[in-house]
Amino acid sequence: MRETHLPGFEGATGWLNSEPLTPDDLRGKVVLVDFWTYTCINWLRTLGYVRAWWEKYADQGLVVVGVHTPEFPFERDVENIREAVKDMRVEYPVAIDSDYRVWNAFANSYWPAVYIADAEGKIRHHQFGEGGYEECERVIQRLLRDAGRDGFGHDVVAVDLEGFEVQADWAHLQSPETYLGYQHGRNFASPSGGDFDERRTYAVPDNLERNQWALGGDWTVERGLSVLNGREGRVVFRFHARDVNLVMGPRPKESSVPFRVLVDGEPPGADHGLDVDENGNGAVVQQRLYQLVRRRNGVDDSTFEITFLAPGAEAYCFTFG
């Protein structure tokens, strides 16, 4: 942090669920600032706790401010953010930080990142990344008591997590976040040749090592994503994790792209994710994170395959859990 006191939110380009919050609005309040972006699986796994703290302590003087700072270009679209806020039940104030001005005022570097300030506006605690939930809540309780509030007891919240908010299976997670554009991409195994930013026909090798991925069909690999040009195209990933998630969207935004998912050559059955049925069928209808696999009975090295059945699919980033 460049400063020990809570920076203001003047750099926000807009607000959801609230009028703009000023220093006068926050004076005498304990403030929790949560940096997020709506496709980030690491943030999604913290949301259940942040929501529960807001529900429990808002009447005791806690103000939660979610600062939405985008990673991908489509996360700058206010309507996309508005839809995510509704779908994810984010009901506390959200500062839209599309120009990174609030992010920079905090000298922040992480999604998610939590900063907790006392009633005098001094930042007393921060948490970068997942975890630290009990410690954060104990800090909230202590700062509220310091401010003269004490109507909440000493217990911490018990959170019933579902969907994307379920904590990762850290003991078996051996596949990393993997981008499908050339700027941050790694472990791309399709035979090379030709330039990026141009249409190419890619092939999937017969064998992939763990955490390698490949394209099959007519694709353009761009700086931050891969875009399907042909009528059918595949993305294949050799993974080791309970969950397989993929940030993707249709091009154009208002269109829909059907897809089919296989795991080790078979439909996922009971291991299907939120956005896939037992037969592996789904559709890309929004620019967001899709959960494609959630394994129920053990984790080992497996091959994930998604076949898009129409042109226009944009694939940005795999995440795992």
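In the block above lies the structure referred to throughout.
Residues numbered from 1 in each chain as written. Predicted model: local features only at pLDDT ≥ 70, side-chain atom pairs only at ≥ 80, totals over all residues. Heavy atoms only, no water.

### Some details on the environment of Gly 121
Relative to the assigned elements, Gly 121 resides in the loop between β5 (113–117) and β6 (123–128). When the C-alpha positions of Gly 121 and Glu 198 are compared, they lie 51 Å apart, and in sequence the two are 77 residues distant. If we skip the residues at most four places from it in the chain, Gly 121 touches Thr 4, His 5 and Leu 6. (Helix = DSSP H or I, 4+ residues; strand = E, 2+ residues; numbered from the N terminus. Contact = heavy atoms within 4.5 Å.)

### Section: the nonpolar core
Among the nonpolar cores identified, the biggest contains 46 residues, and Leu 32, Trp 43, Trp 53 and Ile 116 are the most heavily contacted of them. For this core, the secondary-structure elements that each account for two or more residues are β2 (30–36), α2 (41–57), β3 (62–68), α3 (78–87), β4 (94–96), β5, α5 (133–146) and β17 (313–320). At nine residues, the largest contribution of residues to this core is made by α2. Excluding anything up to four places from it in sequence, Trp 43 contacts Asp 34, Phe 35, Trp 36, Thr 37, Tyr 38, Met 88, Val 90, Tyr 92 and Pro 112. Of all hydrophobic cores here, the second largest spans 31 residues; its members include Leu 215, Val 235, Ala 241 and Met 248. (Core = buried A, V, L, I, M, F, W, Y, C linked by side-chain atoms within 4.5 Å. Buried < 20%, exposed > 50% of the residue type's maximum accessible area, 1.4 Å probe, protein only.)

### Structural notes on unusual backbone geometry
Put simply, Trp 111 and Pro 112 share a cis peptide bond, and its omega is -10°. Of note, the amide linkage connecting Arg 251 to Pro 252 takes the cis form, showing an omega dihedral of 5°. Positioned with a positive phi, Tyr 100 is a non-glycine residue whose angle comes to about 65°. If you trace the backbone, Tyr 100 turns up in the loop between β4 and α4 (101–105). Under the relative-accessibility criterion, Tyr 100 is labelled partly exposed at 21%. The backbone phi angle of Asp 197 is positive, close to 65°, even though this residue is not glycine. Structurally, the position occupied by Asp 197 is in the loop between β7 (178–179) and β8 (199–202). For Asp 197, a relative accessible area of 44% corresponds to the partly exposed category.

### Regarding the state of the cysteines
One pass over the full model with this rule turns up zero disulfides. Looking at the unpaired Cys 136, the closest cysteine sulfur is the one in Cys 40, lying at 16 Å. For Cys 136, a relative accessible area of 2% translates into the label buried. No disulfide involves Cys 317; its sulfur sits 9.3 Å from that of Cys 40, the nearest cysteine. (Disulfide = S-S within 2.5 Å.)

### Side note on α5
Its 14 residues place the ends of α5 20 Å apart at the C-alpha level, agreeing with the 20 Å of an ideal helix rising 1.5 Å per residue. Here α5 has its buried residues at Tyr 133, Cys 136, Glu 137, Val 139, Ile 140, Gln 141, Leu 143 and Leu 144. On its buried face, α5 is in contact with β2, α2, β3, β5 and β6. Looking one or two places after α5, you find Gly 148, whose phi comes out positive at around 90°. (Expected span 1.5 Å × (residues − 1).)

### Digging into the environment of Thr 178
Of note, Thr 178 is situated in strand β7. By relative accessible area, Thr 178 is classed as buried at 0%. The spatial distance from the C-alpha of Thr 178 to the C-alpha of Phe 318 is 5.1 Å, given a sequence separation of 140 residues. Residues in contact with Thr 178, not counting those within four places in the same chain, are Arg 186, Trp 213, Phe 237, Tyr 316, Cys 317 and Phe 318. Engagement of the side chain of Thr 178 in a polar contact is seen with the backbone oxygen of Pro 176, the distance being 2.9 Å. (Polar contact = N/O pair within 3.5 Å; in protein donor to acceptor, adjacent residues only side chain to side chain.)

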